[in-house]
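Read off the chains here:
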Amino acid sequence: QLFNNDEEALKKYEACKDECVRLRDAIDQLKENENKSILLQEAKSKRKVAPLPDLTFDVIKKYNGHNGKIYDADWSTDCRLLLSGSQDGHLMVWDSITTLKRCTYQLQSSSTWVMACSFSPQTKYIACGGLDNICSIYKYEDPSGDGVNDDQKEAAPKKRFSTLARRSTKKNNGLLNEASRAIITDAPYKTLHHHEGYLSALEFVSDEKIITASGDSTCILWDVVKKVPESVFLDHSNDVTCVAINRDQPLFISGSVDAHVKLWDIRLSKCVGEFVGQDADADVNGVCWYPDNYAFASGSEDAMLRMFDIRAYKQLNEYGNNNITSTVNAVSFSNSGRILFAAYDDEPFGIGWDVAYAEPVCKLFHNQSVSSLKVAPNGCAVLTSSW
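Numbers given for residues are sequential positions, taken from 1 along each chain in its written order. The predicted nature of this model means local features are confined to residues of pLDDT at least 70 and side-chain atom pairs, given and counted, to a pLDDT of 80 or more, with totals for whole chains, interfaces and linings taken over all residues. Only hydrogens and water are removed before side-chain values are computed, so all heavy atoms of the structure are retained for them.

Participant: What exactly am I supposed to notice about the pattern of salt bridges here?
Facilitator: Salt-bridge detection follows one rule: a side-chain nitrogen of Lys or Arg within 4 Å of a carboxyl oxygen of Asp or Glu. In the structure shown here, the tally under the stated rule is 13 salt bridges. Residue Lys374 is joined to Asp74 by a salt bridge in which the shortest nitrogen-to-oxygen separation is 3.5 Å. On the criterion of sequence distance, the pair formed by Lys374 in strand S28 (residues 370-375) and Asp74 in strand S1 (residues 70-75) is long-range, its members being 300 residues apart. Exposure remark for Lys374: the relative accessible area of 25% places this residue in the partly exposed category. Residue Asp74 is classed as buried on the basis of its relative accessible area, which comes to 11%. Where Glu347 meets Lys363, a salt bridge forms, and the shortest distance between an N and an O atom there is 3.7 Å. Here the residue Glu347 occupies a position in the loop between strand S25 (339-344) and strand S26 (350-354), and Lys363 occupies one in strand S27 (residues 360-363), the gap between them amounting to 16 residues. The class for Lys363 is partly exposed, based on a relative accessible area of 31%. What emerges from the salt-bridge pattern is a single network uniting Asp72, Asp74 and Lys374. Here a strand is any run of E in DSSP of at least two residues, a helix any run of H or I of at least four, and the numbering for each starts at the N terminus. For every residue, the accessible area (1.4 Å probe, protein chains only) is compared with the maximum for its type, and the residue is labelled buried under 20%, exposed over 50%, or partly exposed between those bounds.

Participant: Where do I start with the pairing of S26 in this structure?
Facilitator: Across a regular strand the side chains alternate sides, sitting on one face of the sheet and then on the other. Counting buried positions along S26 gives five out of five residues, so the element sits mostly inside the fold. Summarising the sheet, S25 and S26 pair through five bridges and their orientation is antiparallel. The residue of S26 that forms the bridge with Ala342 is Ile351. Remark: five residues form the turn of the hairpin made by S25 and S26, two consecutive strands paired antiparallel; Phe349 in that turn has positive phi of roughly 70°. From the end of S26 to the start of S27, which pair antiparallel, there are five residues, and Ala358 there has a positive phi angle of about 55°. Strands are treated as partners if at least two bridges between them are detected by DSSP.

Right, dumping it as C-alpha cells:
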C-alpha cells in the first residue's frame, strides 16, 4: 500500500534499508577498532607535555554537623560558601573559610533523603531534591549580610536572626557564630512537581532556570518562576544519575544506569550525541565538562573514567588500573584541565589522575565512601563529601 504496488519502488526501498544496516554495522566496527587512548598515545610519542610528578593534597578544612550520610555538596560561584545535603533531611550552608554554619534549612519532612543540592549562579537560590520526587527551591538570604551581592542586600527582607548573626562570642578559645544555630523551617520558595521518580541530580542553568535528573529516566528544564517544565528530555532507557551543564554553549550531558552519556541541545530539546564505554552494562554515576567545554569525562560502575571529545565524537582516554575496582561516584577536572579527580565508593576513595598520561598522581584521603567531589570555581581547592 505504501508504494501502490510499485515493485520497482519497493525494491529500491528494501535496498536502502539493507544499505543503512550495512553502514551502521560498519560504523560500529570502526568504533570498536578505534584507539581508546589516543591522548595517551600522543603524549607518549611527542612528549610535548611532561608527566606530572606525584602530588600531595592535604585536608585544610572539615565541616561537621550532619547526622546522616551526606550525598551531595556544592560551591557558591565566589567560593565563599558551601552547601551540603544529607540523609538527615537538612541543607546546610557553610562559610568555606571559617567552617561555621551560616544557616540550616530544615526540609518540610524530616524523613526526606536529600540526594542532590545546588547553588544558583548568583547565590540567590538553593535547590535540592531526593526521594520525595520534588525539586525544592529556597531563597538564600545570608544572615550576616556577607557573601551576597548589593542587589540582594537591598532586596532581601530582614530575618529575625539577622542581628544575632552579627554577634559573636569567644568560647573555648574559638569563635562561635550565633547564626550557625539558625534553623530555617520556612516552606520552599518554589516546589517543582513533575518527576515520577527520585531526583538524583540537579544544576542551575541560570537563576531562573534549572535542570533536574530523575530515576524516572528523564531530565527536565524548568522555569523556576512559573514552576513549569520548559523541556523534557526522554531518550534514556533507565535511571538518570548525573548531569553537567556546558557554560559556553546551550548544551548539557547526562549519565545513566543505561551505561550511556547523552549530549543534549537545550534549544532543540533533543539528544544530539551518545557516548558509551567499552563495558555497555556499567552504570554511569558522574559526568563533568573539561575546562574548554569541548570535552567531558564520565565515571562508571566498572571503576573506569573515560574522556570524550564532542567535536571528534570519540573517546580520547581512559583512566583505571587493576588495583582499583571500586565504583566511581563523581568526577571533576582541575581548572587547568591537567588533573581529573575521581571519587570512589571504596578504596582508594579519592584519586587524582594525570589527564594526558592516565596515571594516578595524588590521593584524597577518606575513610568511607566519597559521594560527591567538586573542584572550586576558582580552582583553589577540592570539595568532597562522604558517608
